[in-house]
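Listed below, chain by chain, are the residues.
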Amino acid sequence: MTILEALASGPSEYVGSGINHEAEPFAGGLKAQPPLGGIAVLLHYEARLNSGEVAHAESTLLAPDMNGTLNLWPVMSELPGVLLHRAIAQSKAATTFSTGSREDSSSFREEITISISDDGSLTYAHAWGMPGGEFAERSSCTLRPR
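Residues numbered from 1 in each chain as written. Predicted model: local features only at pLDDT ≥ 70, side-chain atom pairs only at ≥ 80, totals over all residues. Heavy atoms only, no water.

Enquirer: Please explain the nonpolar core as it appears in this structure.
Expert: Most often, soluble globular proteins keep nonpolar side chains buried together rather than apart. Among the nonpolar cores identified, the biggest contains 26 residues, and Leu7, Leu30, Leu43, Leu62, Ile114, Leu122 and Tyr124 are the most heavily contacted of them. Mapped by element, the contributors of at least two residues to this core are helix H1 (3-9), strand E2 (25-33), strand E3 (41-49), strand E5 (70-76), strand E8 (109-116), strand E9 (122-129) and strand E10 (136-145). Ranked by residues supplied to this core, first place goes to E3 with 5 residues. Setting aside chain neighbours within four positions, we find Leu62 in contact with Ile3, Leu4, Leu7, Ala40, Val41, Leu70, Asn71, Leu72 and Phe97. (Core = buried A, V, L, I, M, F, W, Y, C linked by side-chain atoms within 4.5 Å. Buried < 20%, exposed > 50% of the residue type's maximum accessible area, 1.4 Å probe, protein only. Helix = DSSP H or I, 4+ residues; strand = E, 2+ residues; numbered from the N terminus. Contact = heavy atoms within 4.5 Å.)

Enquirer: Please clarify how the pattern of salt bridges should be interpreted in this entry.
Expert: Side chains that carry opposite charge are capable of pairing whenever their charged atoms lie near each other. Counted according to the given criterion, the structure contains 5 salt bridges. Across the pair Asp65 and Arg86 runs a salt bridge, and its minimum N-O distance is 3.1 Å. Separated by 21 residues along the polypeptide, Asp65 in the loop between strand E4 (54-64) and E5 and Arg86 in strand E6 (residues 85-90) bring together distant segments of the chain. Looking at Arg86, the relative accessible area reads 39%, which means it is partly exposed. (Salt bridge = Lys/Arg side-chain N within 4 Å of Asp/Glu carboxyl O.)

Enquirer: Quick question: what am I supposed to make of the pairing of E10 here?
Expert: A regular strand places its side chains on the two faces of the sheet in alternate fashion. Bridging between strand E1 (residues 13-19) and E10 involves 6 bridges; their strand directions are antiparallel. Paired with Tyr14 across the bridge in E10 is Pro145. Across 7 bridges, the pairing between E9 and E10 is antiparallel. Within E10, the residue paired with Trp128 across the bridge is Ala136. Hairpin connection of E9 to E10: 6 residues between the antiparallel strands, including Gly132 at a positive phi of 80 degrees. (Pairing = 2+ DSSP bridges.)

Enquirer: What's the story with the packing of aromatic side chains in this structure? I'm lost.
Expert: Each aromatic ring pair is summarised here by two numbers: the centre-to-centre distance and the angle between the ring planes. The final tally for this structure, using the stated rule, is 1 aromatic pair. Summarising the aromatic geometry, the rings of Tyr45 and Tyr124 are spaced 4.6 Å apart at their centres and angled 40 degrees between planes, so their arrangement reads as tilted. With a gap of 79 residues between them, Tyr45 in strand E3 and Tyr124 in strand E9 connect regions that are remote in the sequence. Here the two residues Tyr45 and Tyr124 agree in accessibility, since each one is buried. Sitting above the plane of the Trp128 ring, Arg138 keeps its charged end 4.4 Å from the centroid. (Phe/Tyr/Trp six-rings, centres within 6.5 Å; stacked < 30°, edge-to-face > 60°. Lys NZ or Arg CZ within 6 Å of the ring centre and 35° of its normal.)

Enquirer: Would you explain the layout of surface pockets in this entry?
Expert: Leftover empty space is mapped by rolling, across the atoms, a probe with the size of a water molecule. Estimated volume of the largest pocket: approximately 400 Å³. Along its surface, the largest pocket is lined by 18 residues, and His21, Ala55, His56, Glu78 and Trp128 are the ones closest to its centre. Put simply, the parts of the chain that give the lining of the largest pocket at least two residues each are E3, E4 and E9. The class makeup of the residues in the lining of the largest pocket is 9 nonpolar, 5 polar and 4 charged. Taken as a whole, the second largest pocket holds about 220 Å³ of empty space. (1 Å grid on protein atoms, 1.4 Å probe; cavity = no way out; pocket = protein on both sides within 12 Å on 5 of 7 lines; lining within 4 Å. Points joined across faces, edges and corners; volume = space filled by probe spheres on them. Nonpolar A, V, L, I, M, F, W, Y, C, P; charged D, E, K, R; others polar.)

Enquirer: How should I be thinking about the environment of Glu134 in this particular structure?
Expert: Mapping Glu134 onto the fold places it in the loop between E9 and E10. Classification of Glu134 as exposed rests on a relative accessible area of 62%. It is 29 Å that separates the C-alpha atoms of Glu134 and Ser117, two residues lying 17 residues apart in sequence. Those residues in contact with Glu134, other than ones at most four positions away along the chain, are Arg109, Trp128 and Gly129.

Enquirer: It is not clear to me how the sheet that holds E10 should be interpreted in this structure. Could you clarify?
Expert: Strands pair in a sheet through their backbones, by hydrogen bonds, and they do so in one of two ways: parallel or antiparallel. Strand order around the closed barrel formed by 10 strands is E1-E2-E3-E4-E5-E6-E7-E8-E9-E10, with antiparallel pairing between neighbours. With direction set aside, neighbouring strand axes in the sheet form an average angle of 25 degrees. (Axes fitted to C-alpha atoms, helices over the stretch in contact; angles between N-to-C directions.)

Structure below.
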């Protein structure tokens, strides 16, 4: 089962906790909505600090393109537009999506990894690098079905 199939047929809500790029703990939530019979999933992910402040919000379309390549199209609270993230690594349990090459320090680049464990927990992780900066894992949240 692919990540798309698991999210389309699995629980519609997950809750959990994580750590962001500033080492701040947060409460995370993810909602999955399969709008078209499982060929795509709309995801809404939110990270909320202990103060209640939303540190990150993201609405994402997870779907294959016309060539069958699985992609993410995330709209994030920190970015002014959508960056296409193509699947670059896939296994039964995890898929990593990328925009830009992690080695290209001349531009912003990001990888989003979605993984599902045998116990049903889901991990949503971001790794990124700013122009001129180091590419590194920055934020990760482990969520369980609600």
